Amino acid sequence: MAEQKPRYHRIADDIRGRIERQDLVPGQQLPTEHDLMAQYEASRNTVRLALRRLTDEGLIISGQGRGSYVRKAHLPAVWDWSVLESRSRHESDGNGGDQWTSIVAASGREPRQEVRVSIRQPPADVAQHLGLDPETAMTVVRERVRFIDQEPYALADSYFPEELVRDTPLMKPEDVSAPGGVLAQSGLIQARYEDEITFRMPTRSESERLDLPPATPVAVHTRTGYDKDGKPLRVMVTTLPGDRHVIRYSVLAD
């Protein structure tokens, strides 16, 4: 005889089915705990365990005193990283060189960035990518929160060796761009990139800045740019919520 599922599993299964059939739609409030207790003839603790299960699966979100809601679906932003930051594309960009803004606008959506600039010691992993001493080196850090249609979609933090970009537009605490890229306009041309992609749960700060519901993993894309002699010029660390991005690559098979 098959072992019977715990009661709260069965309640979660039923609510999950209603969400999948769209009897409950994104943004819709679930019945109150009291109503669910009556509907399923279950204790408050059993109902809360069922709701916690659905929250952990990323299907619903809950707030103290606000009840539970079916999680809102985000329209994904689609990125082709095969050509992202292509220098030729930068030079021909009709939006002053800011490819991120251009790509978002071309999709019919509204881009916006909040920018903060500081000078500080880099994290150890960034220092390693830049070939710097993490105890003594200083970097210019451009921290950006990127919004699409007024919703936060990504964090993009770029690190530059301070002596390389001193007195360049990259020191300005504002959204700056130039055809071909600001680095290239300053005589620092990136000839190649190396990418690393990791996946993890967000930090508390990332969750707050991106307004992430519980159980939302993020992809972290670390791109290091090198000049023609192999000298690292920049590290960009982009944090992408997993519920609102599609990444595409085109790779030759030869």
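Heads up: the structure comes first, above all this text.
Further remarks concern the overall build of the protein chain. The number of helices and strands found in the protein chain is nine helices and 10 strands. Taking 18 Å as the expected radius of gyration for a compact globule of 254 residues, we find that the protein chain reaches 23 Å, considerably beyond that expectation. Here the C-alpha coordinates of the protein chain stretch approximately 70 × 45 × 40 Å along the principal axes. Here the protein chain holds 254 residues, and the buried ones make up 43% of them.

Read across the open sheet, the six strands follow the order 4-5-6-9-8-7; overall the sheet is antiparallel. Strands with a single pairing partner mark the edges of an open sheet, and in this sheet they are strand 4 (111–120) and strand 7 (192–200). Ignoring which end each strand starts from, the neighbouring axes of this sheet average 15° apart. Across the sheet, helix 5 (residues 99–106) lies against strand 4 and strand 5 (139–148), angled at about 165° from strand 4, the strand it touches most.

This paragraph deals with the pairing of strand 9 (residues 232–241). In terms of burial, strand 9 is largely enclosed, as 10 of its 10 residues are buried. Between strand 8 (residues 218–226) and strand 9, which follow one another and run antiparallel, lie five residues, and G230 among them has a positive phi close to 85°.

Moving on to the packing of helix 2 (residues 33–40) against helix 3 (residues 44–56). As a packed pair, helix 2 and helix 3 sit with axes 9 Å apart at the nearest point and diverge in direction by 105°. Comparing their axes, helix 3 and helix 2 come out roughly perpendicular. For the pair formed by helix 2 and helix 3, the contact residues are E33, L36 and M37 on the first element and R44, V47, R48 and L51 on the second.

A cluster of nonpolar side chains, contributed by I197, F199, I247, Y249 and V251, occupies part of the molecular surface with about 520 Å² of accessible area. Of note, I197 is situated in strand 7. The exposure class of I197 is partly exposed, given its relative accessible area of 36%.

Another point: helix 5. Along helix 5, the residues that are buried comprise Q99, W100, T101, S102 and V104. One or two steps after helix 5, the chain reaches G108, where phi turns positive at roughly 85°.

With phi around 65°, Q22 is a residue other than glycine that occupies positive phi space. Mapped onto the secondary structure, Q22 falls in the loop between helix 1 (7–20) and helix 2. Phi at D167 takes a positive value of approximately 70°, unusual for a residue other than glycine. With respect to the element layout, D167 can be found in the loop between helix 7 (162–165) and helix 8 (182–185). Residue class for D167 comes out exposed when judged on its relative accessible area of 74%.

Right, let's talk about the nonpolar core for a bit. Among the nonpolar cores identified, the biggest contains 16 residues, and I15, L30 and L51 are the most heavily contacted of them. Of all the secondary structure elements, the ones that give two or more residues to this core are helix 1, helix 2 and helix 3. Here I15 is in contact with L24, L30, L36, Y40, L51 and L54, once residues within four sequence places are set aside. Among the nonpolar cores identified, the runner-up in size contains 13 residues, and V141, L155, Y159 and V235 belong to it.

One can describe the packing of helix 1 onto helix 2 by two numbers: an axis separation of 12 Å at closest approach and a directional angle of 105°. Comparing their axes, helix 2 and helix 1 come out roughly perpendicular. Here helix 1 contributes R7, I11, D14, I15 and R18 to the contact with helix 2, which in turn contributes L36, Q39 and Y40. The class makeup of the residues in the contact of helix 1 with helix 2 is four nonpolar, one polar and three charged.

Within the secondary structure layout, S118 lies in strand 4. Linking S118 and L252, residues 134 residues apart in sequence, is a C-alpha distance of 39 Å. Setting aside chain neighbours within four positions, we find S118 in contact with T139, V140, V141 and E143. Here R120 takes part through its side chain, which lies 2.7 Å from a polar atom of the side chain of S118.

Rules used throughout
Residues numbered from 1 in each chain as written. Predicted model: local features only at pLDDT ≥ 70, side-chain atom pairs only at ≥ 80, totals over all residues. Heavy atoms only, no water. Helix = DSSP H or I, 4+ residues; strand = E, 2+ residues; numbered from the N terminus. Rg over C-alpha atoms; globule rule 2.2 N^0.38 Å. Buried < 20%, exposed > 50% of the residue type's maximum accessible area, 1.4 Å probe, protein only. Pairing = 2+ DSSP bridges. Axes fitted to C-alpha atoms, helices over the stretch in contact; angles between N-to-C directions. Contact = heavy atoms within 4.5 Å. Parallel < 35°, antiparallel > 145°, perpendicular 65-115°, else oblique. Patch = residues over 30% accessible without salt bridge, like charges linked within 9 Å, V, L, I, M, F, W, Y side chains within 5 Å. Areas by Shrake-Rupley, 256 points an atom, 1.4 Å probe, with all protein chains shown as cover. Salt bridge = Lys/Arg side-chain N within 4 Å of Asp/Glu carboxyl O. Core = buried A, V, L, I, M, F, W, Y, C linked by side-chain atoms within 4.5 Å. Nonpolar A, V, L, I, M, F, W, Y, C, P; charged D, E, K, R; others polar. Polar contact = N/O pair within 3.5 Å; in protein donor to acceptor, adjacent residues only side chain to side chain.

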